[in-house]
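Below, each chain spelled out in residue letters.
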Amino acid sequence: MVGDKLIDIGSIIKLQRTKRNMTQEELSEGIVSLSYLSKIENKKTKASPEIIQLLCNRLEIELTEKLDVEIEEKCQEWYGMLYDRFDKQKISEIYEELQQLLGRSINDQTLMFEIHKIPYYCIMRDLKKALCKINELHEMASSFNPIHKYYWHKFQGNYYSFKTYHHQAIQHYKLAEETISFANIQEHETADLQYIISIEHSKLWNDLESIEYAKKAMGIFQKNYNFIRCAQCHILLGIAHHRIKNLDKATKNYNLALQLGELKNNEDVVHLAHYNLGYLHSITGNSEKAIEHYLIAIQNNNFKEKTKLVSLIRLIQEFYLVGDYKKAKNYLDQTTLVLKTYINDYNEYIDDLHDYVIKVYTHLLNGETKQFISVLANDFIPYLEKKRNYEYLAFYAKMLGNHLEKSGKYKTSLQYYKLANSSYEKLFNL
């Protein structure tokens, strides 16, 4: 019997009913009592095959014993596209096709397809729909089998990561990790989870944890000859070693990532490696080498790529530091155009940080000292404090301190120097 195989048939019936905005009274009328339907939906009783069939008929859904092989393969293809962040248009086309094929049936892929809608909405930048899907599935979660639980927690982690709630993301990723031993999770999927956990730890400056998970993931990626993912792990290792002041290891990992990116002709990896090498040289005071790497990093033609935007901002900073104000102004204009494109695509999910940076350098390069100080003191620095962005806070507090000191405002400049120092301390104690 199909109902035995689909242990959460009651939950799926509830899901299909709510999707159709149908009340329990409307579904149960003439078939079962209202209280009995409630028990079915909440898995407190096991309904007969005949009752299940009648409920499905009213919902106009088909209860299938075996999913069509072609549909099964299409589902697996689509899940793989989400894993690899494939072309959005193609992902969307196959989603619509599967929605038509699976929307009127209950089968082995029903729940998996519904759960995979969470990362789909995240990739499509529709986080409101992703949250609605999470809430919709929440009541069913207690009946999930281990594989469903794994993806349920992993994809909630994806959602919180997109929302930049990194602590919550890690909590869900850890729950997914705990489920692996009970579920038939493939090795490459385990590595992917370890990789994204490393990313979240990196975002929280948990560098030792980031190293641990990046190494675990890379061990599997190397065994499976997944060189692009190996390169991405090297980037994470480079960032972590950079932060703990192990610059030789940081440089080695960035260069390994660069070599693998060039070997596989992967533009994003190559430019990300150059960006990080540029930042490494910038921190060590070698503006010439930093500029050299940043110039390569901005050649990425993908204007949606955040690395391009950040690389342009770093170029403005470096050209300003070496006194080449003409080039700084040129890249400031480019950054404004790229930011406008980026906002048009991601307006709901981008913060004001880059906009503030542009304002700061616009006033600085135009010699508008009062406006420059005002934006930093009254807007940008309070914003960075609120966001707890200690990296930028340390940099811009020091910048403001320098300008105030040159203006003879020694007491106020000392205040910002102290803020810069305390930000550095917080940064390395996160």
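The rules behind each value
- Residues numbered from 1 in each chain as written.
- Predicted model: local features only at pLDDT ≥ 70, side-chain atom pairs only at ≥ 80, totals over all residues.
- Heavy atoms only, no water.
- Helix = DSSP H or I, 4+ residues; strand = E, 2+ residues; numbered from the N terminus.
- Contact = heavy atoms within 4.5 Å.
- Axes fitted to C-alpha atoms, helices over the stretch in contact; angles between N-to-C directions.
- Parallel < 35°, antiparallel > 145°, perpendicular 65-115°, else oblique.
- Left-handed = near helix turned anticlockwise from the far one by under 90°.
- Nonpolar A, V, L, I, M, F, W, Y, C, P; charged D, E, K, R; others polar.
- pLDDT = per-residue confidence, 0-100.
- Expected span 1.5 Å × (residues − 1).
- Polar contact = N/O pair within 3.5 Å; in protein donor to acceptor, adjacent residues only side chain to side chain.
- Salt bridge = Lys/Arg side-chain N within 4 Å of Asp/Glu carboxyl O.
- Buried < 20%, exposed > 50% of the residue type's maximum accessible area, 1.4 Å probe, protein only.
- Phe/Tyr/Trp six-rings, centres within 6.5 Å; stacked < 30°, edge-to-face > 60°.

Named according to an unreviewed UniProt entry, the protein chain is Helix-turn-helix domain-containing protein originating from Virgibacillus dokdonensis.

Student: What exactly am I supposed to notice about the environment of Met124 here?
Tutor: Within the secondary structure, Met124 sits in the loop between helix H8 (110-123) and helix H9 (127-138). Spatially, the C-alpha atom of Met124 lies 37 Å from that of Leu247, the residues being 123 residues apart in sequence. Those residues in contact with Met124 that lie beyond four places of it in its chain are Lys88 and Ser92.

Student: Mind showing me how you'd approach the packing of helix H12 (residues 187-203) against helix H14 (residues 227-243) here?
Tutor: Angle between the axes and distance between the axes: these two values describe a pair of packed helices. The interhelical angle for the contact between H12 and H14, taken along N-to-C directions, is 25°, at an axis separation of 11 Å. In terms of orientation, H12 and H14 fall into the roughly parallel class. For the pair H12 and H14, the crossing hand works out as left-handed. Two secondary-structure elements touch here, H12 through Asp192, Tyr195, Ser198, Ile199 and Ser202 and H14 through Arg229, Gln232, Cys233, Leu236, Ile239 and Arg243. Of the residues that constitute the contact of H12 with H14, the class distribution is 5 nonpolar, 3 polar and 3 charged.

Student: What am I meant to see in the confidence of the model for the protein chain here?
Tutor: Interpretation of the predicted coordinates at a detailed level should be avoided for regions scoring low in pLDDT. In this model, the protein chain carries an average pLDDT of 88, and 92% of its residues clear a pLDDT of 70 or more. Counting contacts from residues 1-7, a segment whose pLDDT is below 50, to residues more than four positions away or on other chains yields 15 contacts.

Student: Looking at this structure, how should I read H9?
Tutor: A turn of α-helix holds 3.6 residues, and therefore any two residues three or four places apart point the same way. With 12 residues, H9 extends 16 Å between its outermost C-alpha atoms, agreeing within 8% with the 16 Å of an ideal straight helix rising 1.5 Å per residue. As for H9, its buried residues are in contact with helix H2 (9-19), H8 and helix H10 (146-162).

Student: When you look at the side chain of Lys154 in this model, what are you seeing that I'm missing?
Tutor: Note on placement: Lys154 falls in helix H10. A polar atom in the side chain of Lys154 sits 2.5 Å from the side chain of Glu189.

Student: Help me understand the pattern of salt bridges in this model?
Tutor: Think of it this way: side chains of opposite charge can pair up when their charged atoms draw near. Under the defined criterion, the tally for this structure stands at 17 salt bridges. A salt bridge links Glu187 to Lys223; the shortest N-O distance between them is 2.7 Å. Of this pair, Glu187 sits in helix H12 while Lys223 is found in helix H13 (residues 207-223), placing the two residues 36 residues apart along the sequence. Residue class for Lys223 comes out exposed when judged on its relative accessible area of 51%. A salt bridge links Glu200 to Lys203, with the nearest nitrogen and oxygen atoms 3.8 Å apart. Of this pair, Glu200 and Lys203 are both found in helix H12, 3 residues apart, which corresponds to roughly one turn of the helix.

Student: What is the right way to read the packing of helix H4 (residues 34-41) against helix H5 (residues 49-59) from this model?
Tutor: The N-to-C vectors of H4 and H5 enclose an angle of 95°; their axes lie 13 Å apart at closest approach. Taken together, the axis directions place H4 and H5 in an arrangement best described as roughly perpendicular. Contacts between H4 and H5 involve Tyr36, Leu37 and Ile40 from the first element and Ile51, Ile52 and Leu55 from the second. Within the contact of H4 with H5, the residues separate by chemical class into 6 nonpolar, no polar and no charged.

Student: Teacher, can you tell me more about the packing of aromatic side chains here?
Tutor: Each aromatic ring pair is characterised by the separation of its centres together with the angle its planes make. Enumeration over the complete set of coordinates arrives at 26 aromatic pairs. Their ring planes at 0° and their centres at 5.6 Å tell us that Phe319 and Tyr331 sit as a pair that is stacked. Of this pair, Phe319 sits in helix H18 (residues 306-321) while Tyr331 sits in helix H19 (residues 325-346), and the two are 12 residues apart along the sequence. The pair formed by Phe319 and Tyr331 is uniform in burial state, with each residue classed as buried.

Student: Could you clarify how one ought to interpret H10 in this entry?
Tutor: Here H10 spans 24 Å end to end across 17 residues, near enough to the 24 Å set by a 1.5 Å rise per residue. With 12 of its 17 residues buried, H10 lies for the most part within the structure. Listed as buried for H10 are His148, Tyr150, Tyr151, Trp152, His153, Lys154, Phe155, Gln156, Gly157, Asn158, Tyr159 and Ser161. At the N-terminal boundary of H10, the capping side chain belongs to Asn145, with an oxygen 3.1 Å from the backbone nitrogen of Ile147. One or two steps after H10, the chain reaches Thr164, where phi turns positive at roughly 65°.

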